[in-house]
There are 2 protein chains.
Amino acid sequence: MAEADIPKKQVIMEAAARLFRDRGYSATSMRDLAKAVHLQASSLYNHINSKQELLREICFQNANHFLAGIENIEKEYATPAEQLEQLIQHHLIVATSDATSITSFNDEWRHLEEPYLTEFVQLRKRYENRFRAIIQAGIDQGIFRDADPTIAMYTVLSSLRWIYDWYRPNRSKSVAIIGQEVSKLLLSGLKKT
Amino acid sequence: MAEADIPKKQVIMEAAARLFRDRGYSATSMRDLAKAVHLQASSLYNHINSKQELLREICFQNANHFLAGIENIEKEYATPAEQLEQLIQHHLIVATSDATSITSFNDEWRHLEEPYLTEFVQLRKRYENRFRAIIQAGIDQGIFRDADPTIAMYTVLSSLRWIYDWYRPNRSKSVAIIGQEVSKLLLSGLKKT
DNA sequence: CCTACCGATCGGTAGG
DNA sequence: CCTACCGATCGGTAGG
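Residues numbered from 1 in each chain as written. Chains lettered and ligands numbered in written order. Predicted model: local features only at pLDDT ≥ 70, side-chain atom pairs only at ≥ 80, totals over all residues. Heavy atoms only, no water.

Draft legend 1. Expanded view of the overall build of chain A. Each helix and strand counted, chain A has eight helices and zero strands in total. Going from N to C terminus, chain A has its helices and strands arranged as α-α-α-α-α-α-α-α. For the C-alpha atoms alone, the extent of chain A along its principal axes is close to 60 × 40 × 30 Å. In chain A, buried positions account for 48% of the 193 residues. (Helix = DSSP H or I, 4+ residues; strand = E, 2+ residues; numbered from the N terminus. Buried < 20%, exposed > 50% of the residue type's maximum accessible area, 1.4 Å probe, protein only.)

Draft legend 2. Structural detail: the pattern of salt bridges. For the coordinates displayed, the defined rule picks out 22 salt bridges over all chains. B:Glu53 is the partner of B:Lys9 in a salt bridge, and the nearest nitrogen-oxygen pair spans 3.8 Å. A residue pair is termed long-range when its members are at least 10 positions apart, and B:Lys9 in helix α1 (residues 8-23) and B:Glu53 in helix α3 (residues 51-76) qualify at 44 residues. In this structure, B:Arg130 engages B:Glu74 in a salt bridge whose closest nitrogen and oxygen atoms are separated by 3.3 Å. With a gap of 56 residues between them, B:Arg130 in helix α6 (residues 116-140) and B:Glu74 in helix α3 connect regions that are remote in the sequence. Overall, B:Arg130 belongs to the partly exposed group, its relative accessible area being 25%. Salt bridges here are not isolated pairs; linked through shared partners, they connect A:Lys9, A:Glu53 and A:Glu57. (Salt bridge = Lys/Arg side-chain N within 4 Å of Asp/Glu carboxyl O.)

Draft legend 3. How the structure looks around the confidence of the model for chain A. On average, residues of chain A score 92 in pLDDT, and 95% of them reach the 70 mark or higher. When pLDDT is averaged over each element of chain A, helix α2 (residues 30-36) of chain A comes out on top at 98 and helix α8 (residues 175-188) of chain A at the bottom at 87. (pLDDT = per-residue confidence, 0-100.)

Draft legend 4. The protein's contact with DNA strand D, seen in detail. Taken together, 15 residues form the shell around DNA strand D, and within it A:Ser42, A:Ser43, A:Asn46, B:Met30 and B:Arg31 come nearest. Each atom of DNA strand D within 4 Å of the protein was classed as base or backbone; sugar and phosphate made up 50%. B:Met30 is positioned with one of its backbone polar atoms (N or O) 2.7 Å from a phosphate oxygen of DNA strand D. B:Tyr45 places a side-chain nitrogen or oxygen 2.9 Å from a phosphate oxygen of DNA strand D. (Near = heavy atom within 4 Å. Polar contact = N/O pair within 3.5 Å; in protein donor to acceptor, adjacent residues only side chain to side chain.)

Draft legend 5. Focus on the nonpolar core. One finds A:Phe131 and B:Phe131 to be the most contacted residues of the largest nonpolar core, which totals 123 residues. With residues up to four places along the chain from it excluded, the contact list for B:Phe131 reads B:Ile70, B:Leu84, B:Leu87, B:Met153, B:Val156 and B:Leu157. (Core = buried A, V, L, I, M, F, W, Y, C linked by side-chain atoms within 4.5 Å. Contact = heavy atoms within 4.5 Å.)

Draft legend 6. Structural context of unusual backbone geometry. All names here are of chain A. Pro 115 follows Glu 114 through a cis peptide bond whose omega is 5°. Here Pro 115 is to be found in the loop between α5 (102-106) and α6 (116-140). The backbone phi angle of His 38 is positive, close to 60°, even though this residue is not glycine. On the secondary structure map, His 38 appears in the loop between α2 and α3 (51-76). On the basis of relative accessibility, which here comes to 72%, the residue His 38 falls in the exposed class.

Draft legend 7. Spotlight on the packing of aromatic side chains. Residue and element names in this part refer to chain A. In the structure shown here, the tally under the stated rule is 16 aromatic pairs over all chains. Consider the rings of Phe 20 and Tyr 25, whose centres lie 5.2 Å apart with planes at 65°: the pair is edge-to-face. Of the residues examined, Phe 20 reaches a relative accessible area of 2% and is grouped as buried. We classify Tyr 25 as buried; its relative accessible area is 9%. With centroids separated by 5.9 Å and ring planes inclined at 80°, the aromatic side chains of Phe 60 and Phe 120 adopt a geometry described as edge-to-face. In this pair, Phe 60 is assigned in helix α3 and Phe 120 in helix α6, connecting sequence segments 60 residues apart. Considered together, Phe 60 and Phe 120 belong to a single accessibility category, that of buried residues. Through successive ring pairs, a cluster of aromatic residues spans Phe 60, Phe 66, Phe 105, Trp 109, Phe 120, Tyr 127 and Phe 131. (Phe/Tyr/Trp six-rings, centres within 6.5 Å; stacked < 30°, edge-to-face > 60°.)

Draft legend 8. Up close: the interface of chain A and chain B. Contacts between the two partners involve 43 residues from chain A and, on the opposite side, 43 residues from chain B. Summing the contributions of chain A and of chain B, the shared interface buries around 4,200 Å²; its carbon and sulfur component is 59%. In terms of surface lost to chain B, no three residues of chain A exceed A:Arg145, A:Trp166 and A:Leu190, which account for 20% of the buried area on that side. If you look at where chain A meets chain B, you find four salt bridges. Across the pair B:Lys173 and A:Asp148 runs a salt bridge, and its minimum N-O distance is 3.2 Å. Remark: the boundary between chain A and chain B carries 27 residue pairs in polar contact (both at pLDDT 80 or more). Only α1 (8-23), α4 (80-97), α6, α7 (149-166) and α8 of chain A provide two or more residues apiece to the side of chain A that touches chain B. A total of ten residues in the side of chain A that touches chain B trace back to one element, the largest contributor, which is α7(A). Split by residue class, the side of chain A that touches chain B holds 17 nonpolar, ten polar and 16 charged. (Buried area = accessible area lost by both parts, 1.4 Å probe. Nonpolar A, V, L, I, M, F, W, Y, C, P; charged D, E, K, R; others polar.)

Structure representation (structure tokens):
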């Protein structure tokens, strides 16, 4: 009975996110999706407008989630070192709170059609710019090494990505602990000093 | 005339790698591919057996390339620190020497059909195991910090991945220099000591 | 290497 | 929410 209260559209969205993650957007058919929610393919269209709409909402939901976090961290924390540490933590929280849909945000967005494709790329760029600015501030203040801020940013972001690409719950440590270890690795390096 | 000597199958394979990278395996049709090599779709089958075959050969070619390198490095270099540094360099060389097909190795392999899917996953696992063993050896010898070797391995591998995901030639530094900076970042960390 | 064509499947609509 | 169905496109084959 409790399940009956979840809007059907949300149920469809979650099933879509899972299929997009497991097979990719293009390899997922509306008939696959219909079967996953125990409907006929045509009945899906009483709740959604198109396959594109599903991808679009999944991608932008995540993009906005990431951006809201970084803006908050810029206000709440003063030093670049704190901001970066919080950013890493926030990135992992967003990614693991909606672990199935993050793959679309990472990989399937390229199947977005215009004008949404352009808009999405701009949102992502904004996130990257803010991320880079924090690293740049750390370098300017002498807290971080004199690294290339773009390279450092992508290295950090990529390191966070493997966690939801390869991580499988209850197979190993918790995401929080993995996140801490990745943070330490990125900030202090692998070599002993 | 020089181009006439390149086997048609190779031309098709390279065009396929580019399309799989740009649109993904599922979203690439044999008619797209045919157009790219100025043929009718049906004519492709005089040179190849199936769409699957193209993906399979692209994926396994890269997998074998990566594995051959790591076996060689294990023999040629003695210390884990040297081996890791060489491994990072080798990974980047493989990735950039065939930059278009590396995306299939990274992302499109999941569209492989059995039994090749299982075989591919095993090859990749073997690469990861050897990579992890080198990090483990460095920890045992006291050269590396007491990190989780699996986490360290994935962090390193992911950091290498962004270079061919995001890097665009002549927009910035060379791959060699980017690789050096990423290496330094991973080994020494972002924070000043 | 082409024309002609196969059955299967695609996203989506009409109409109830 | 269903049945019935649309035109388009899919990977691939036959036959020359």
